[in-house]
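Listed below, chain by chain, are the residues.
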Amino acid sequence: MNRIFSGIQPTGNLHLGNYLGAIRNWVALQPEYECIFCVVDLHALTQSVDPAELRATTREVTAAYIAAGIDPERSIIFNQSMVTAHSELAWILSCLTPLGWLNRMTQFKEKAGKQREMAGLGLYAYPVLMAADIIGYKATHVPVGEDQKQHVELARDIAGAFNRRYERDFFPLPEPLILGEATRVMSLRDGTKKMSKSDSSDYSRLNMTDDADAVALKVRRAKTDPEPLPETLEALEARPEADNLVGIYAALSDVSREQALRRFAGKNFSTFKEALSEVAVSVLGPIGKEMRRLMADPGHIDAVLRHGAERAAAIAIPILREVQDITGLLRP
Ligand code: AQP
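Bear in mind that the values here come from a model prediction, so they are computed numbers and not experimental data.

Conventions we followed
Residues numbered from 1 in each chain as written. Predicted model: local features only at pLDDT ≥ 70, side-chain atom pairs only at ≥ 80, totals over all residues. Heavy atoms only, no water. Helix = DSSP H or I, 4+ residues; strand = E, 2+ residues; numbered from the N terminus. Rg over C-alpha atoms; globule rule 2.2 N^0.38 Å. Buried < 20%, exposed > 50% of the residue type's maximum accessible area, 1.4 Å probe, protein only. Contact = heavy atoms within 4.5 Å. Areas by Shrake-Rupley, 256 points an atom, 1.4 Å probe, with all protein chains shown as cover. Lys, Arg positive; Asp, Glu negative; His and termini not counted. Charge placed at Lys NZ, Arg CZ, Asp CG, Glu CD. Axes fitted to C-alpha atoms, helices over the stretch in contact; angles between N-to-C directions. Parallel < 35°, antiparallel > 145°, perpendicular 65-115°, else oblique. Nonpolar A, V, L, I, M, F, W, Y, C, P; charged D, E, K, R; others polar. Near = heavy atom within 4 Å. Polar contact = N/O pair within 3.5 Å; in protein donor to acceptor, adjacent residues only side chain to side chain. 1 Å grid on protein atoms, 1.4 Å probe; cavity = no way out; pocket = protein on both sides within 12 Å on 5 of 7 lines; lining within 4 Å. Sits in = over half its atoms within 2 Å of the grid points. Left-handed = near helix turned anticlockwise from the far one by under 90°. Domains from an automatic or database assignment. Buried area = accessible area lost by both parts, 1.4 Å probe. Salt bridge = Lys/Arg side-chain N within 4 Å of Asp/Glu carboxyl O. Phe/Tyr/Trp six-rings, centres within 6.5 Å; stacked < 30°, edge-to-face > 60°. Points joined across faces, edges and corners; volume = space filled by probe spheres on them.

A. Structural view of the overall build of the protein chain. The helix and strand tally for the protein chain stands at 14 helices and five strands. Computed over the C-alpha atoms, the radius of gyration of the protein chain is 21 Å, within 12% of the 20 Å expected from 2.2 N^0.38 for a compact globule of 332 residues. Across the 332 residues in the protein chain, those meeting the buried criterion constitute 52%. The contacts in the protein chain between residues at least 6 apart in sequence include a share of 75% that link residues at least 24 apart. Carbon together with sulfur atoms contributes 50% to the accessible area of the protein chain, which is approximately 15,400 Å² in total. Charge-centre separation for the protein chain: the mean point of 39 positive side chains lies 2 Å from the mean point of 43 negative side chains.

B. Quick look at the packing of helix H3 (residues 51-68) against helix H14 (residues 298-327). Between H3 and H14, whose axes approach to 10 Å, the crossing angle comes to 80 degrees. Our classification of the angle between H3 and H14 gives roughly perpendicular. Residues Thr58, Arg59, Thr62, Ala63 and Ile66 of H3 form the contact with H14, whose participating residues are Pro298, Ile301, Asp302, Val304 and Leu305. Considered class by class, the residues forming the contact of H3 with H14 number six nonpolar, two polar and two charged.

C. Here's a closer look at the site of the ligand. Contacts to the ligand come from 24 residues, most closely from Lys111, Asp147, Ser196, Lys197 and Ser198. Gly17 is positioned such that a nitrogen or oxygen atom in its backbone is 3.1 Å from a nitrogen atom of the ligand. In this structure, an oxygen atom belonging to the ligand sits 3.5 Å away from a side-chain N or O atom of Gln107. Burial of the ligand by the surrounding chains reaches 98%, relative to a free accessible area of 640 Å². When atom positions are compared with the pocket grids, the ligand is found to occupy the largest pocket.

D. Region of interest: the packing of helix H11 (residues 240-253) against helix H13 (residues 269-295). Running from N to C, H11 and H13 cross one another at 40 degrees; their axes reach a closest spacing of 10 Å. The pairing of H11 with H13 is recorded here as oblique in orientation. Considering the relative orientation of H11 and H13, their crossing is left-handed. Across from Ala242, Leu245, Val246, Ile248, Tyr249, Leu252 and Ser253 in H11, the residues of H13 making contact are Phe269, Phe272, Lys273, Ala275, Leu276, Val279, Ala280 and Val283.

E. The domain arrangement of the protein chain, seen in detail. Segmentation of the protein chain into domains returns domain 1 (3-183 + 297-327) and domain 2 (202-293). Taking only C-alpha atoms into account, the centre of domain 1 sits 29 Å from that of domain 2. Taken together, the 16 residues of domain 1 in the interface contact 20 residues of domain 2. Summed over both sides, the interface of domain 1 with domain 2 buries roughly 1,500 Å², with 66% coming from carbon and sulfur. On the surface where domain 1 and domain 2 come into contact, there are two salt bridges. Inspection of the domain 1/domain 2 interface yields five residue pairs in polar contact (both at pLDDT 80 or more). Considering only residue class, the side of domain 1 that touches domain 2 consists of 10 nonpolar, two polar and four charged.

F. Representation of the environment of Ile134 in the model. Tracing the chain through its elements places Ile134 in helix H7 (residues 121-135). Taking the C-alpha atoms as reference, Ile134 lies 8.3 Å from Ile4; in sequence the two are 130 residues apart. Residues contacting Ile134, with those up to four places away along its chain left out, are Phe5, Ala139, Val142, Ala155 and Pro174.

G. Here's a closer look at the packing of aromatic side chains. For the structure on display, the rule yields 13 aromatic pairs. Aromatic pair Phe5 and Tyr137: ring centres 5.4 Å apart, planes at 20 degrees, arrangement stacked. Here the residue Phe5 occupies a position in strand E1 (residues 3-8), and Tyr137 occupies one in the loop between H7 and strand E4 (141-143), the gap between them amounting to 132 residues. Across the pair, exposure class does not vary: Phe5 and Tyr137 are buried alike.

H. Up close: the layout of surface pockets. As a volume, the largest pocket reaches approximately 1,200 Å³. Lining the largest pocket are 49 residues, and of these Gln107, Lys111, Asp147, Gln148 and Lys194 lie nearest its centre. Those elements that provide at least two residues to the lining of the largest pocket are E1, helix H1 (16-29), helix H6 (106-112), H7, E4 and helix H8 (149-165). Residues belonging to the lining of the largest pocket are distributed by class as follows: 15 nonpolar, 22 polar and 12 charged.

I. The arrangement of the pattern of salt bridges in detail. All told, the structure shown has 15 salt bridges when counted by the stated rule. Taking the shortest distance from any N to any O, the salt bridge between Glu153 and Lys149 comes out at 3.7 Å. Residue Glu153 and its partner Lys149 are both found in helix H8; the two are separated by four residues, about one turn of the helix. In this structure, Arg205 engages Asp202 in a salt bridge whose closest nitrogen and oxygen atoms are separated by 3.6 Å. Note on Arg205: relative accessible area 4%, which makes it buried. Overlapping salt bridges bring together Asp202, Arg205, Asp210 and Lys218 as one network.

And the structure:
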């Protein structure tokens, strides 16, 4: 059976982009794949994060997975730092990864910005740890949003580099799965920037825990232009904010962009935004409510993570041992 690995960093507020670009697709893929869903807490350390907040957000992301429909009995849910094979494999892979490959990563350039010389080594090397996360389970498919495609392709290149260096077909080459009508959800305030946990403006995103009032307010304030919605997809694509909102509506309503546009072509934004708020509340409302219920019982969440970590380690450790043998690391 094909195996999926994917994860989310427990940093800041989980948002609609994380849901539509990742979690929702994971839920749908469960029947077809053996699934491993990780809360990638080691990646969160690439940003300066308060320890108590990191613990709380790790539980919150776990609650989001379960509330959205990941079944912790069927799929494996765990936090990355509980399985040390990730960091051990990351070191071995980093010794095979040319700096030139990492220099091409656009996310590092965006996140480091003008402070490049001050950026941490972890932020730079993070795609290698991500490669270890994926290939350390011999995962074949990685469902992610569009923004992570480059990192999955790097994981594929690193898996290939290992296979070539040691002259065997050891790691499968993982493929990104980028699914749905909202693979890159943009900020509600700026159609050229992606919706992000770390955006300082709360109005830029719909959080997975937003209540109906917050959703309605943020959708009402979402940036648009004065023209009514256009008739064609081509005309829509020339208007980034409108295009983003129609994509979100389509994904939340399980219809194509074209079908969504047909419903609202020629109508003004106030009508469209009302419909968008309604569908967003109907999808996010129950998930947020269930997340709050789960988070009220951290003991249960921790038990899910512990059980998941045992199952994850049972897959990752034998693979790491084989890697150690292949690379000549003596295990006396
Ligand atoms: N705006 C988005 N549209 C679609 N998918 C998205 N994802 C993130 N933002 C969008 C997908 O969510 C998964 C988890 O991402 P991550 O936690 O590893 O970090 P990220 O990609 O850097 O996402 P954020 O939310 O923007 O976090 P910060 O602000 O910390 O950088 C991935 O599958 C990602 O593609």
